[in-house]
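Here is what each chain is made of, one letter per residue.
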Protein chains: 2
Amino acid sequence: MAKSDRISMSVIRRLPRYYRFLSELSCEGVMRISSKQLAAKMRLTASQVRQDFNCFGGFGQQGYGYSVEQLKNEIESILGLKEPKTAVLVGAGNLGRAVAAHMAFEPKGIGLVGIFDRDKRLIGATLRNVKIESTDMLEEFCKRRRPNLAILCVPKDAAQNICKRLYSLGIRYYWNFSHYDIAADYPDAVVENVHMSDSLMTLCYRISADIEYKKRAE
Amino acid sequence: MAKSDRISMSVIRRLPRYYRFLSELSCEGVMRISSKQLAAKMRLTASQVRQDFNCFGGFGQQGYGYSVEQLKNEIESILGLKEPKTAVLVGAGNLGRAVAAHMAFEPKGIGLVGIFDRDKRLIGATLRNVKIESTDMLEEFCKRRRPNLAILCVPKDAAQNICKRLYSLGIRYYWNFSHYDIAADYPDAVVENVHMSDSLMTLCYRISADIEYKKRAE
DNA sequence: AGCAAATTGTTAATTTTTTAACAGTTTTTT
DNA sequence: AAAAAACTGTTAAAAAATTAACAATTTGCT
């Protein structure tokens, strides 16, 4: 079914977006959709939509289009959302708590099994039925539960130490909110960085460039 | 100084990262750096580093390299971080509060002047010296304070209504954490989306693809 | 059943992005 | 002071990503 060539990161990064739009369509009761319609909805070209799906073999039918439900399921399966995984969250400050409370882990097959913080005032509190424990417990916990991935919501300076420990405990997958560059120290780690401040700076640029433009246009 | 051609989004999205690394170097007291060294640190090619900076005219000196401080300042200026801007945050749930508490707005020239939520239990509380107000006050507040950008941390269904009001109040720049597609309804709005769940799904794919790989290798 | 319309998968062309190459300048060394 | 080494800016080449084109197939209509 799947094509043999390696899939490019550009395609992968579009998959969650497809998945999101298809889930919506599915909820709205839409049964079928053409590459043209989907492209219009997502502001892509129909060509790109077809090209993307073809990386995985193509799930459509000539003259008909794509079955929303099938396409959604295929992408869900490609993304591996159905495969059960367990995660620990390290850092239960403002950001960590928001991530824990806000993120829908279950639909991605992720079970949040542990939350850790070094701040004694937070230890003992419960988030999503998970008790916040001391980071001192990391070793004992990970050896016992063998989580697949770690969510890093600690400050940069703490991140280095935490990562060293997590890595030596066998964790190779990181969802990293800190500014510590995990991949630099652990080349075989798979790291997905979330740099919210980078995103905000990009917006700053666009504001600034826009103002420049308006000035010139005057 | 700046080259006339439009800068590509690929370059823009790398600028905050350059800025981050240069700020670090600056803190460490490093005075000069070559494209080669910076590339190694950031895992890019020296060629790309030089190409990127050349979009804006090139700030280096042959045989010497780049002055860390100057380069940092140039990028800061390109990103428009020095230009003062005001922002309102709409939605003070888990995510909104984390963004308000966690994000360093000041270094980006952004003043957080208002926070709004519809939940009466949150109204009156203070975050970063800003009182949370009822969303009913949005119109009055925006007419008076004329904020430049809005940070959207409300659920998708609420986002549509909030956006309609913010747009009609003249706000054109959005840092959007909701899954509502602002740009679809307001083509002239400048929107920077933060889709944390997309990022997590990308990690899921990489985990899943990795496992596949290991299975095959056995 | 037969024909027009719709739509995919796929190949080709185009555009964008990245990498390489190198002339020209500055710094450092001897 | 001259020669070698270290760099950048810039142009050229290569690679990657996107868009266009079209044959093949299916649907839906008459």
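Residues numbered from 1 in each chain as written. Chains lettered and ligands numbered in written order. Predicted model: local features only at pLDDT ≥ 70, side-chain atom pairs only at ≥ 80, totals over all residues.

Chemist: An account of the protein's contact with DNA strand D is requested, with residue identities and associated values reported.
Modeler: As a structural note, the neighbourhood of DNA strand D is formed by 29 residues, with S8 and G63 of chain A together with G58, G60 and G63 of chain B the closest of them. Of all elements in the fold, only helix 1 (9–27) and helix 3 (46–54) of chain A together with helix 2 (35–42) and helix 3 (46–54) of chain B reach the threshold of two or more residues within the surface near DNA strand D. Take the surface near DNA strand D: its biggest share by element is six residues, from helix 3 of chain B. When grouped by side-chain class, the residues that make up the surface near DNA strand D number seven nonpolar, 20 polar and two charged. (Near = placed C-beta within 6 Å. Helix = DSSP H or I, 4+ residues; strand = E, 2+ residues; numbered from the N terminus. Nonpolar A, V, L, I, M, F, W, Y, C, P; charged D, E, K, R; others polar.)

Chemist: Give me the lowdown on the protein's contact with DNA strand C, citing residues and values where you can.
Modeler: Taken together, 30 residues are adjacent to DNA strand C, and G58 and G60 of chain A together with S8, Q62 and G63 of chain B come closest. The set of elements that each furnish at least two residues to the surface near DNA strand C consists of helix 2 (35–42) and helix 3 of chain A together with helix 1 (9–27) and helix 3 of chain B. With six residues, helix 3 of chain A is the largest single contributor of residues to the surface near DNA strand C. Its residues placed into classes, the surface near DNA strand C shows eight nonpolar, 20 polar and two charged.

Chemist: Which residues make up helix 7 (residues 156–168) of chain A, and what values go with them?
Modeler: Because each turn of an α-helix spans 3.6 residues, side chains separated by three or four positions end up pointing in the same direction. Residues and elements named next belong to chain A. Here helix 7 is 13 residues long and its end C-alpha atoms lie 19 Å apart, about the 18 Å a rise of 1.5 Å per residue gives. Turning to helix 7, its buried residues number three or more, namely A159, I162, C163 and L166. Each element contacted by the buried residues of helix 7 is listed here: strand 3 (85–90), strand 7 (149–152) and helix 8 (182–185). (Expected span 1.5 Å × (residues − 1). Buried ≥ 20, exposed ≤ 12 C-beta atoms within 10 Å, placed from the backbone. Contact = placed C-beta atoms within 7 Å.)

Chemist: Please provide a residue-by-residue account of unusual backbone geometry, values included.
Modeler: All names here are of chain A. Positive phi values are uncommon outside glycine, yet N129 reaches one of about 70 degrees. Relative to the helices and strands, N129 resides in the loop between strand 5 (126–127) and strand 6 (130–134). Look at R146: it is not a glycine, yet its phi comes out positive at around 50 degrees. Within the secondary structure layout, R146 lies in the loop between helix 6 (138–145) and strand 7.

Chemist: Summarise the interface of chain B and chain A; cite the residues concerned and give the values.
Modeler: Facing the 44 residues of chain B at the interface are 44 residues of chain A. Those elements that place two or more of their residues in the side of chain B that touches chain A are helix 1, helix 5 (94–102), strand 8 (173–176), strand 9 (190–193) and helix 9 (196–217) of chain B. Of the residues forming the side of chain B that touches chain A, the biggest block, 14 residues, is contributed by helix 9 of chain B. Of the residues that constitute the side of chain B that touches chain A, the class distribution is 24 nonpolar, nine polar and 11 charged.

Chemist: With reference to specific residues and values, describe the relation of the copies chain B and chain A.
Modeler: Note on the copies: chain B fits chain A at an RMSD of 0.0 Å, the axial shift is 0.0 Å, and the rotation between them is 180 degrees. In the structure described here, the two chain copies are related by an operation that fits a two-fold rotation axis. Across chain B, the rotation axis passes nearest the C-alpha of A98 of chain B, at a separation of 3.0 Å. A share of 100% of the interface residues of chain B reappears at the interface of chain A, consistent with the copies meeting face to face through the same patch. (Least-squares fit on C-alpha atoms with pLDDT ≥ 70 in both.)

Chemist: Quick rundown of the packing of helix 2 of chain B against helix 3 of chain B? Include the residues and the values.
Modeler: Residues and elements named next belong to chain B. One way to put it is that helix 2 packs onto helix 3 with a least axis distance of 8 Å and a crossing angle of 110 degrees. When the axis of helix 2 is compared with that of helix 3, the two are roughly perpendicular. For the pair helix 2 and helix 3, contact is made by S35, K36, L38 and A39 and by A46, Q48, V49 and R50, respectively. The class makeup of the residues in the contact of helix 2 with helix 3 is four nonpolar, two polar and two charged. (Axes fitted to C-alpha atoms, helices over the stretch in contact; angles between N-to-C directions. Parallel < 35°, antiparallel > 145°, perpendicular 65-115°, else oblique.)

Chemist: Please provide a residue-by-residue account of the domain arrangement of chain A, values included.
Modeler: The domain architecture assigned to chain A consists of domain 1 (9–78) and domain 2 (85–197). Taking only C-alpha atoms into account, the centre of domain 1 of chain A sits 32 Å from that of domain 2 of chain A. (Domains from an automatic or database assignment.)

Chemist: Before we move on, can you summarise the sheet that holds strand 8 of chain B with the specific residues and values?
Modeler: Residues and elements named next belong to chain B. The seven strands lie next to each other as 5-6-4-3-7-8-9, forming an open sheet whose pairing is mixed. Of all strands in the sheet, those with a lone pairing partner are strand 5 (126–127) and strand 9, marking the two edges. When strand 5 meets strand 6 (residues 130–134), the two strands line up antiparallel, connected through two bridges. The residue of strand 6 that forms the bridge with T126 is K131. Those strands touched by helix 6 (residues 138–145) are strand 3 (85–90), strand 4 (110–117) and strand 6, and its axis lies near 165 degrees from that of strand 4. (Pairing = 2+ DSSP bridges.)

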